Amino acid sequence: MMTRKENMDLKQPLFYNRRPALRVIVMLAMLFFMANMLHCAGQQGPLRERLLSSDERTKQAAFKEFDALKSESQKTHLEILENMLTDKDPENKLLAAEALGHMGPAAEEAVPALVRVLQGENEALRSRTSRALAEIGPGAVPSLIKALNHHESAVRLGAADALGHMGPRTKEAIPALAAMLSDPDRAISEHAASALGRIGPAAVPELIRVARRGDGYATDMAATAFSQVNLKT
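Analysis parameters
Residues numbered from 1 in each chain as written. Predicted model: local features only at pLDDT ≥ 70, side-chain atom pairs only at ≥ 80, totals over all residues. Heavy atoms only, no water. Salt bridge = Lys/Arg side-chain N within 4 Å of Asp/Glu carboxyl O. Helix = DSSP H or I, 4+ residues; strand = E, 2+ residues; numbered from the N terminus. Buried < 20%, exposed > 50% of the residue type's maximum accessible area, 1.4 Å probe, protein only. Axes fitted to C-alpha atoms, helices over the stretch in contact; angles between N-to-C directions. Parallel < 35°, antiparallel > 145°, perpendicular 65-115°, else oblique. Left-handed = near helix turned anticlockwise from the far one by under 90°. Contact = heavy atoms within 4.5 Å. Nonpolar A, V, L, I, M, F, W, Y, C, P; charged D, E, K, R; others polar. Core = buried A, V, L, I, M, F, W, Y, C linked by side-chain atoms within 4.5 Å. Expected span 1.5 Å × (residues − 1). Arc of directions from axis to C-beta.

(A) Just the pattern of salt bridges, in detail. For the coordinates displayed, the defined rule picks out five salt bridges. In this structure, Glu-65 and Arg-50 form a salt bridge, with 2.9 Å as the shortest nitrogen-oxygen distance. You can see Glu-65 sitting in helix α3 (residues 56-67) and its partner Arg-50 sitting in helix α2 (residues 47-51), a full 15 residues away along the chain. For Asp-183, the salt bridge identified is with Arg-156, shortest N-O distance 3.6 Å. Here Asp-183 is found in the loop between α11 (174-179) and α12 (186-199), whereas its partner Arg-156 is found in helix α10 (residues 153-166), with 27 residues between them in sequence. Each member of the pair, Asp-183 as well as Arg-156, carries the same accessibility label: buried.

Structure (structure tokens):
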């Protein structure tokens, strides 16, 4: 029969054999804890740094926080958002365009940068940028009217859409949009007609002038725009 000391001596190697595995588990737990702490620390950092974070969750949370800021605080981040519009990552451009649109009139300084984005090949980005320009409002109208004469059709299209989204607030754009009804690019003339229809009754006199000229396709587009006008507005 084994003594108590002999019994302990037999158990001791088994216990010591387990110690390396326990060390590994403890180290992994500590590494996980430290990584989590670093991630949380990253989320607590300056907002301007988190907006540019490579961590998707951190960046998305930062943009939500940005949207909740007051206009004056948002304006301090304008330069960062404008720089993001030139980023190689289309997702960063999209986030920046959305944020600028949410700022509304406070983002008026970023209008030229947004108009440049309309030259890109990414259709989803051009569409969101056009809406952002519309959300900025009347302060973007002079730049958008100028963009209606841009040499790239994508820019003319985006500008027409932005003006249309603003509706009656863009009366000064009516002559330039009416001139686009005879654009050789039918997609552009159709978008111009849609914009004029959204502007409403203020566009009717100009549409009548275009129709009276009897300029073939432009006349058809004027009729299309007129059919979209809500005369009860």
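Once you've had a look at it, read on.
(B) Local environment of the packing of helix α13 (residues 204-213) against helix α14 (residues 216-228). Between α13 and α14, the least distance of the axes is 8 Å, while the angle of their chain directions is 155°. Relative to α14, α13 is oriented roughly antiparallel. In this structure, the crossing between α13 and α14 has a hand that is left-handed. Contacts between α13 and α14 involve Val-204, Leu-207, Val-210 and Ala-211 from the former and Ala-218, Thr-219, Ala-222, Ala-225 and Phe-226 from the latter. Looking at side-chain class alone, the contact of α13 with α14 contains eight nonpolar, one polar and no charged residues.

(C) How the structure looks around the nonpolar core. Residues Leu-81, Leu-100, Leu-133, Leu-177, Leu-181 and Leu-196 are the most contacted members of the largest nonpolar core, which totals 61 residues. With residues up to four places along the chain from it excluded, the contact list for Leu-100 reads Leu-78, Leu-81, Leu-85, Ala-107, Ala-110, Leu-114 and Ile-136.

(D) Expanded view of the environment of Glu-121. Looking at the secondary structure, you find Glu-121 in the loop between α7 (111-117) and α8 (123-136). Glu-121 sits in the exposed class, given a relative accessible area of 80%. Separated by 33 residues in the primary sequence, Glu-121 and Ala-154 place their C-alpha atoms 8.5 Å from one another.

(E) Structural view of α3. Taking 1.5 Å of rise per residue, the 12 residues of α3 would be expected to cover 16 Å, and the 17 Å separating its terminal C-alpha atoms lies within 8% of that figure. Within the sequence span of α3, burial applies to Thr-58, Lys-59, Ala-62, Phe-63 and Phe-66. Within α3, the buried residues cover an arc of 135° as seen down the axis, which keeps them to one side. Facing away from the buried side of α3, by more than 90 degrees, are the exposed residues Arg-57 and Lys-64.

(F) Here's a closer look at the packing of α10 against α12. Closest axis-to-axis distance for the α10/α12 pair is 8 Å, and the angle between their directions is 15°. It follows that α10 is roughly parallel to α12 by the angle criterion. Read as a crossing pair, α10 and α12 show a hand that is left-handed. Side by side, α10 and α12 meet where Ser-153, Arg-156, Leu-157, Ala-160, Asp-161, Gly-164 and His-165 of the first sit next to Ala-187, Ile-188, His-191, Ala-192, Ala-195 and Arg-198 of the second. For the contact of α10 with α12, the class distribution of residues is six nonpolar, four polar and three charged.

(G) Structural detail: the environment of His-191. Here His-191 shows up in helix α12. Here His-191 falls in the partly exposed class, since its relative accessible area comes to 28%. Distance in space between the C-alpha atoms of His-191 and Met-221 is 9.6 Å, their sequence separation being 30 residues.

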